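Here are the chains, one letter per residue:
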Amino acid sequence: MNITLKVAAKMGDIDLLYTLIQVEPYLLEHTDLIPFVDTPLHIAAASGHASFATEIMRLKPSFAWKLNQYGLSPTHLALQNQHYRMVSRFIDINKDLVRVKGREGLTPLHVATQIGKLDLIAKFLSACPGSIEDVTVRSETALHIALKYKQFHALEVFVGWLQRNPQRQAQKLEKKVLNWEDEAGNTILHVSVLKCFSQAVRLLIHSNIDINAKNLEDLTALDIVENNHPHAYNAEIRDMLLRAGALRGFSLDASPLCEEELRSKITFNERVAIYVTRIKRRISNDTRNALLVVAILFATSTYEAVLSPPESVGKVVMKSQVFFWFWSFNTFAFYLSILMICLLMPRGRISVLVTPPLSLFSGCYVFSMLVISPSPNLTIASVVLPCLLLALYFWGTSTYVRLAKKLRRYSPKKEDKSRFSGGNRW
């Protein structure tokens, strides 16, 4: 690179920069052709000349992504030299610079985590939420680095951000990041235990972390506490893990082996679970939506029939025998419709939100049937039947969920881990 250009960058002299460009219009282009070099932007970032650096970024945006001979970008150099306001300006100009990977795959978010710069961490997460998924060459997330450098407050920021993230896939992201494994298969809980970091363990066991995850040595966090690291805080950490339901690795392996399960005879409950699972996977979203509309229509129609039966001055005019058949068919259709709605609803928080209104709706149906029923026997049946159906539904649901978890082991797993996300742009 031109020596005078280096001087201009080190002094932050914009006028000298343009004087040199007038003499040699391709001055910056020549520098851009070199793969690893200290560009004028690198020199300005290291020297703290924000105005000059901003001008260079405007003229040559690609310089912001270049690495020098030491594997550092201008943003890394600004962080290294504690020019934090300049770093903020870089991110304001291009938020994706949070994800530029330098030496050993370290991004600016990783570097800010190392030094515990909480305001920059919060700014980086706000500007570029995807940066929390970036990993180093050792497959370490920023959370791993926070634990590695004993930056507990930085870990608090990351966990708090994950828990408060309102994005659509926030729950999946939280589970993925908190349970991410480094090159040794250690999650951040494993690292917390290895570092005897009791504060971090206390924070993580109240988050969405898999407390019984195993690393590549088949050790859970509890195994590491009890076997590998007899230090001062181990008793406290062990008690916390046990209270949170942590298990030893051999306890998790105590279940029947996969090949033994496959050789055993299929039970009736398993046949039902397999049948329901296959039907649910075969139904497309459009078909599911259409069936939901039909089920809701049936439920509202049968409920309307109870509200407006043939009556005279508030009393039904049907005989008891006729009313019995009306009650039987209408009640069967109503509860079958409610069951269809429950089965067709997608699993997760949506079903949890819909279940209470459906329960209240069913209660209103029972109350309406009690009011119009001319027979004491049917009055008792109107109360007992929904209780039996509710108990049967919860028993069937719990049985299905338990068996469905077992069946997932025989299903092909989706590849949802991208070990090296983000990257340099040229």
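Just so you know, the residues in each chain are numbered from 1, in the order the chain's sequence is written. Only residues with pLDDT of at least 70 get local features here, since the model is predicted, and only at 80 or more are side-chain atom pairs given and counted; chain-wide, interface and lining totals rely on the full set of residues. Water and hydrogen atoms play no part in the side-chain values, which are based on all heavy atoms of the structure.

### Some points on the overall build of the protein
No. 1: If you tally the helices and strands in the protein, you get 23 helices and 2 strands.
No. 2: Looking at the protein residue by residue over its 426 residues, the buried ones come to 42%.
No. 3: Two residues form a contact once any of their heavy atoms are found within 4.5 Å. Residue pairs in contact within the protein that sit at least 24 positions apart in sequence constitute 72% of those at least 6 positions apart.
No. 4: Throughout, the Shrake-Rupley method with a 1.4 Å probe supplies accessible areas, and for residues the shown protein chains are the sole cover considered. Total accessible area on the protein is roughly 24,200 Å²; 60% of this is exposed by carbon and sulfur atoms. Put simply, DSSP marks the helices as runs of H or I at least four residues long and the strands as runs of E at least two long, and each gets a number from the N terminus on. Note on exposure labels: buried denotes an accessible area under 20% of the residue type's maximum, exposed denotes more than 50%, and partly exposed covers the range between, all computed with a 1.4 Å probe on protein chains only.

### Some thoughts on unusual backbone geometry
No. 1: A positive phi angle is found at Gln82, which is not glycine, with a value near 65°.
No. 2: In this fold, Gln82 is placed in the loop between α6 (74-80) and α7 (84-93).
No. 3: Since its relative accessible area comes to 58%, Gln82 is described here as exposed.
No. 4: One non-glycine residue, Glu104, lies in the positive phi region at around 60°.
No. 5: By the secondary structure assignment, Glu104 is in the loop between α7 and α8 (108-115).

### So, the environment of Asn68
No. 1: The topology assignment puts Asn68 in the loop between α5 (50-59) and α6.
No. 2: Setting aside residues up to four positions removed in sequence, Asn68 forms contacts with Phe36, Val37, Asp38, His42 and Leu77.
No. 3: Looking at Asn68, its side chain comes within polar contact range of the side chain of Asp38, at 3.1 Å. The term polar contact refers here to a pair of N or O atoms within 3.5 Å; inside protein, the definition further demands a hydrogen-donor-capable atom paired with an acceptor-capable atom, and it admits residues adjacent in sequence only when both atoms are side-chain atoms.

### Some words on the side chain of Lys66
No. 1: For Lys66, the location among the structural elements is in the loop between α5 and α6.
No. 2: Exposure remark for Lys66: the relative accessible area of 2% places this residue in the buried category.
No. 3: Polar side-chain contacts of Lys66 include one of 2.7 Å to the backbone oxygen of Ile34.

### Quick notes on the packing of α8 against helix α9 (residues 118-127)
No. 1: All axes are obtained by fitting lines to C-alpha atoms, using only the stretch in contact for helices, and the reported angles, taken between N-to-C directions, cover 0 to 180 degrees. Running from N to C, α8 and α9 point in directions that differ by 155°, and their axes come no closer than 9 Å. Here α8 is positioned roughly antiparallel relative to α9, judged by the angle of their axes. Here the hand of the crossing between α8 and α9 comes out left-handed. Of the residues in α9, those touching α8 at Pro108, Leu109, Ala112 and Thr113 are Leu120, Ile121, Phe124 and Leu125.
No. 2: Residue polarity is assigned by list, with Asp, Glu, Lys and Arg as charged and Ala, Val, Leu, Ile, Met, Phe, Trp, Tyr, Cys and Pro as nonpolar; anything else, Gly included, falls into the polar class. Of the residues assigned to the contact of α8 with α9, the class counts are 7 nonpolar, 1 polar and no charged. In these notes the angle categories are as follows: under 35 degrees is roughly parallel, over 145 is roughly antiparallel, 65 to 115 is roughly perpendicular, and the rest is oblique. When the near helix sits turned anticlockwise from the far one by under a right angle, the crossing is termed left-handed; a clockwise turn instead gives a right-handed crossing.

### Overview of a nonpolar patch on the surface
No. 1: On the surface, a nonpolar cluster with roughly 370 Å² of combined accessible area is contributed by Phe332, Leu336, Leu339 and Leu343.
No. 2: Overall, Leu339 belongs to the partly exposed group, its relative accessible area being 34%. Exposure above 30% relative accessible area and no salt bridge define the residues that can form patches, which grow by joining like charges within 9 Å and nonpolar side chains of Val, Leu, Ile, Met, Phe, Trp and Tyr within 5 Å. Whenever Lys or Arg places a side-chain nitrogen within 4 Å of a carboxyl oxygen from Asp or Glu, that contact is recorded as a salt bridge.

### Focus on the packing of aromatic side chains
Remark: the centre distance and the inter-plane angle together describe each pair of aromatic rings, the angle taken between the planes.
No. 1: In this scheme Phe, Tyr and Trp rings, the latter by its six-membered ring, pair at centre separations within 6.5 Å, and the angle between planes marks the pair as stacked below 30 degrees, edge-to-face above 60, and tilted otherwise. Scanning the model with the defined rule gives 8 aromatic pairs in all.
No. 2: Taking 4.9 Å as the distance between ring centres and 45° as the angle between the ring planes, the aromatic pair formed by Tyr303 and Phe361 counts as tilted. Here Tyr303 is found in helix α20 (residues 285-307), whereas its partner Phe361 is found in helix α22 (residues 349-372), with 58 residues between them in sequence.
No. 3: The partly exposed category is assigned to Phe361, whose relative accessible area is 22%.
No. 4: A ring pair is formed by Phe324 and Trp325, whose centres lie 5.4 Å apart and whose planes are at 70°; its orientation type is edge-to-face.
No. 5: A relative accessible area of 36% means that Phe324 is categorised as partly exposed.

### What to know about helix α4 (residues 40-47)
No. 1: By the criterion of burial, α4 is predominantly enclosed, with 6 of the 8 residues buried.
No. 2: Looking at α4, one finds that the buried residues are Pro40, Leu41, His42, Ile43, Ala44 and Ala45.
No. 3: Buried positions along α4 lie against α1 (3-11), α3 (27-32), α5, α6 and α7.

### Remarks on the pattern of salt bridges
No. 1: The final tally for this structure, using the stated rule, is 13 salt bridges.
No. 2: Close ionic contact of Lys60 with Asp32 constitutes a salt bridge, the shortest N to O distance being 3.7 Å. Residue Lys60 is located in the loop between α5 and α6, and its partner Asp32 is located in helix α3; the two are separated by 28 residues in the primary sequence.
No. 3: Ionic pairing is found between Arg202 and Glu236, a salt bridge with its closest N-O pair at 2.7 Å. Here the residue Arg202 occupies a position in helix α14 (residues 198-204), and Glu236 occupies one in helix α16 (residues 234-243), the gap between them amounting to 34 residues.

### A short note on α16
No. 1: By the burial criterion, the buried members of α16 are Asn234, Ile237, Met240 and Leu241. Down the axis of α16, the smallest arc covering the buried residues is 130°, so these residues share one side. The exposed residues of α16 that point more than 90 degrees off its buried face are Ala235 and Arg243.
No. 2: Positive phi appears at Gly245, one or two residues downstream of α16, with a value of about 95°. Of all possible arcs, the one meant is that of the directions from the helix axis to the C-beta atoms.

### Details of the packing of helix α11 (residues 152-164) against helix α12 (residues 170-178)
No. 1: One can describe the packing of α11 onto α12 by two numbers: an axis separation of 8 Å at closest approach and a directional angle of 155°. One finds that α11 runs roughly antiparallel with respect to α12. Here Val159, Trp161, Leu162 and Gln163 of α11 come into contact with α12, specifically with Leu173, Glu174, Val177 and Leu178.
No. 2: In terms of residue class, the contact of α11 with α12 is made up of 6 nonpolar, 1 polar and 1 charged.

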